[in-house]
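Fold and contact review
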Amino acid sequence: MISFVKMQGNGNDFIVLDNGDGSFSSRALSDAAMRFCRRRKSLGADGILVVEKSVQADFAMRLFNADGSEGEMCGNGARCISRYAFEKGIAGREQSFSTLAGIMRAVVDPPFVDLSMGTSSLSDGWYNRSVKAGDRIFQCSFLWVGVPHAVLFPEEPLSDEEMVKIGRTLRNNTGLFPDGANVNFVTPKDEGSIFSVTYERGVEDLTESCGTGSAASAVCWILRNGPLPEIAAVEVFNPGGINTVTLSFSENGREVSASLKGRTVMVAEGFLLEEDK
């Protein structure tokens, strides 16, 4: 039996495991993600979050997507694991943790977590290009916010089925995105807020919410509509809830620091059994 906590951040759901003693290998964690994240056949989740020891920070976060691949970073996952670490006494209200995308910092005020996602280089991305997916052409921007994101700006509403098809096509376009990409579909809501739906690499489907996707969507929306402010706050409406993204742009406009605030929910705690092998 494996003890777990089920958590979700705006509908982006995870199985959280404590591997502080190192008893699970990377292969075992990858296999566990593929088994236990299956909807209807197992507990079901978008991925597995793993707490491990860190010499650089309060703890280390690892993320294994539902397909077994290890991800560099996940904004909603990071918020959930911060809440978990606080509730379990692993870290305090103000905490730092290491990820494959670098050191992250968070402030926990249950049920909210305010996550500092660090600084991203805007010079490494590209913006407002015409990109073809199937028989459609979209205005598209691309940047890294811990993980790669392609941000599309549809001119008309798209069904979930259409977004899955387009997202899958672009996610696998290695000519444009050598490492693959999460694909965000962004439309305006009102002044200071946008809608964002994400097709997530590793989950290979639309998700209820995406933290890094919310940040990427907000950045690309600001860059698209200009002029560039020093600080901007954008409410990003995901299907599963609202992420508040605060952006600080460098004076030369080449870098942006992002923070992400939203609710976290501890859904259940128990044991994963071996019966579904």
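Since the structure is predicted, the reported quantities are computational estimates derived from the model, not experimental observations.

Moving on to the pattern of salt bridges. Summed over all chains, the structure comprises 13 salt bridges. One network of salt bridges, with partners in common, ties together Lys 6, Asp 13, Arg 39 and Asp 46.

Turning our eyes to something else, we now look at the nonpolar core. Grouped together as the largest cluster of nonpolar side chains are 48 residues, with contacts concentrated most on Leu 49, Met 61, Ile 81, Phe 97, Leu 115 and Leu 247. When residues of this core are assigned to their parent elements, the largest contribution, 7 residues, is made by helix H4 (residues 211-225). Once residues within four sequence positions are removed from consideration, Leu 49 is found in contact with Phe 14, Ile 15, Val 16, Leu 17, Met 61, Arg 62, Leu 63, Gly 77, Cys 80 and Ile 81. In terms of nonpolar packing, the next biggest core, distinct from the first, is built from 20 residues, Phe 142, Phe 177, Ala 181 and Leu 206 among them.

Our focus in this paragraph is the pairing of strand S10 (residues 136-144). Looking along a regular strand, one sees the side chains alternate between the two faces of the sheet. Bridging between strand S9 (residues 126-133) and S10 involves 6 bridges; their strand directions are antiparallel. Considered in S10, the bridge of Val 131 is made with Phe 138. Connecting S9 to the next strand, S10, in antiparallel fashion are 2 residues, including Gly 134 with a positive phi near 65 degrees. Note that S10 and strand S11 (residues 148-152) share 5 bridges and pair antiparallel. Looking at S11, one finds that Cys 140 is bridged to Leu 152. Count of turn residues in the S10/S11 antiparallel hairpin: 3 residues, of which Gly 146 carries a positive phi of about 85 degrees.

A few words on the side chain of Asn 10. Its place among the elements puts Asn 10 in the loop between strand S1 (2-9) and strand S2 (12-18). Asn 10 gets classed as buried once you look at its relative accessible area, which sits at 8%. Setting aside residues no more than four positions away along its own chain, Asn 10 makes contact with Arg 79, Glu 208, Ser 209, Gly 240, Gly 241, Ile 242, Asn 243 and Arg 263.

Analysis parameters
- Residues numbered from 1 in each chain as written.
- Predicted model: local features only at pLDDT ≥ 70, side-chain atom pairs only at ≥ 80, totals over all residues.
- Heavy atoms only, no water.
- Salt bridge = Lys/Arg side-chain N within 4 Å of Asp/Glu carboxyl O.
- Core = buried A, V, L, I, M, F, W, Y, C linked by side-chain atoms within 4.5 Å.
- Buried < 20%, exposed > 50% of the residue type's maximum accessible area, 1.4 Å probe, protein only.
- Helix = DSSP H or I, 4+ residues; strand = E, 2+ residues; numbered from the N terminus.
- Contact = heavy atoms within 4.5 Å.
- Pairing = 2+ DSSP bridges.

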